[in-house]
Amino acid sequence: MKRGDTGDLVKDVQRKLIAAGYTLTADEIFGASTEAAVLAFQKKNNLTADGIIGSQTYAALSKFKPPSASYPLPTGVSRDGSSGEPVKQIQRALQKLGLYSGSIDGQYGPHTAAAVRRFQSRYTSLADDGVYGPSTRTYMLNALK
């Protein structure tokens, strides 16, 4: 699979790359952003960095499971003052992990920030700052598996 390809298999690879912590859209189109994520993944995993999904790259990606439809997680950064559907997704995930008991209201306030901090405090490599970002997302995706 390479740049220019489309379809369900591309979307599967994109979802696995997202689960592995890369920021892109699972749109079934193997474009520039997918190729860049594949190259970064290959370099990080000591694979031939050619931007092509061959058997070795696919096997390495297969250990990453996309989030279940019940608990999708947004990309980007959310913090105190953020609002909307991405915050609801974070709140649902934190609730599933037993760290948030507030309402799923889409408002990133003190209760959501405190729950994110509780989650982050479980991992020494995460900043304990209450800000949801790419690193926190990656750990949260793994915790939800």
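Structure: see above.
The shown structure was predicted, so the numbers you read here are calculated from the model rather than taken from an experiment. (Residues numbered from 1 in each chain as written. Predicted model: local features only at pLDDT ≥ 70, side-chain atom pairs only at ≥ 80, totals over all residues. Heavy atoms only, no water.)

(A) Quick peek at the overall build of the protein chain. Summing up its helical and strand segments, the protein chain has 6 helices and 0 strands in all. The N-to-C order of helical and strand elements in the protein chain reads α-α-α-α-α-α. Relative to the compact-globule value of 15 Å for 145 residues, the protein chain shows a C-alpha radius of gyration of 16 Å, a close match. When the backbone C-alpha atoms are referred to their principal axes, the protein chain occupies close to 45 × 30 × 25 Å. Of the accessible surface of the protein chain, which amounts to about 7500 Å², a share of 49% is contributed by carbon and sulfur atoms. (Helix = DSSP H or I, 4+ residues; strand = E, 2+ residues; numbered from the N terminus. Rg over C-alpha atoms; globule rule 2.2 N^0.38 Å. Areas by Shrake-Rupley, 256 points an atom, 1.4 Å probe, with all protein chains shown as cover.)

(B) Highlighting the packing of aromatic side chains. Following the criterion strictly, the structure yields 3 aromatic pairs and no others. Geometrically, the ring pair formed by Phe 119 and Tyr 123 is tilted, given 5.2 Å between the ring centres and 55° between the ring planes. With relative accessibility at 25%, the residue Tyr 123 sits in the partly exposed group. An angle of 50° between the planes, with centres 4.7 Å apart, marks the rings of Tyr 123 and Tyr 139 as tilted. (Phe/Tyr/Trp six-rings, centres within 6.5 Å; stacked < 30°, edge-to-face > 60°. Buried < 20%, exposed > 50% of the residue type's maximum accessible area, 1.4 Å probe, protein only.)

(C) Main features of helix α4 (residues 85-96). With 12 residues, α4 should cover 16 Å at 1.5 Å per step; its first-to-last C-alpha distance of 16 Å lies within 8% of that length. For α4, the elements touching its buried residues are α5 (110-120) and α6 (134-143). (Expected span 1.5 Å × (residues − 1). Contact = heavy atoms within 4.5 Å.)

(D) Looking closely at the environment of Arg 15. Note on placement: Arg 15 falls in helix α1 (residues 8-19). Among the residues examined, Arg 15 registers a relative accessible area of 34% and is labelled partly exposed. Sequence-wise, Arg 15 and Thr 25 are 10 residues apart; in three dimensions their C-alpha atoms are separated by 8.1 Å.

(E) Structural context of unusual backbone geometry. Backbone geometry at Glu 28 places phi at a positive 70°, although glycine is not the residue there. Among the residues examined, Glu 28 registers a relative accessible area of 29% and is labelled partly exposed. The backbone phi angle of Asn 46 is positive, close to 55°, even though this residue is not glycine. The exposure class assigned to Asn 46 is exposed, which follows from its relative accessible area of 73%.

(F) The packing of α5 against α6, seen in detail. Packing of α5 against α6 leaves a shortest axis separation of 11 Å and a crossing angle of 75°. Our classification of the angle between α5 and α6 gives roughly perpendicular. Residue-level inspection shows Val 116, Phe 119 and Gln 120 of α5 in contact with α6, the latter providing Thr 136, Tyr 139, Met 140 and Ala 143. Tallied by class, the residues present in the contact of α5 with α6 amount to 5 nonpolar, 2 polar and no charged. (Axes fitted to C-alpha atoms, helices over the stretch in contact; angles between N-to-C directions. Parallel < 35°, antiparallel > 145°, perpendicular 65-115°, else oblique. Nonpolar A, V, L, I, M, F, W, Y, C, P; charged D, E, K, R; others polar.)

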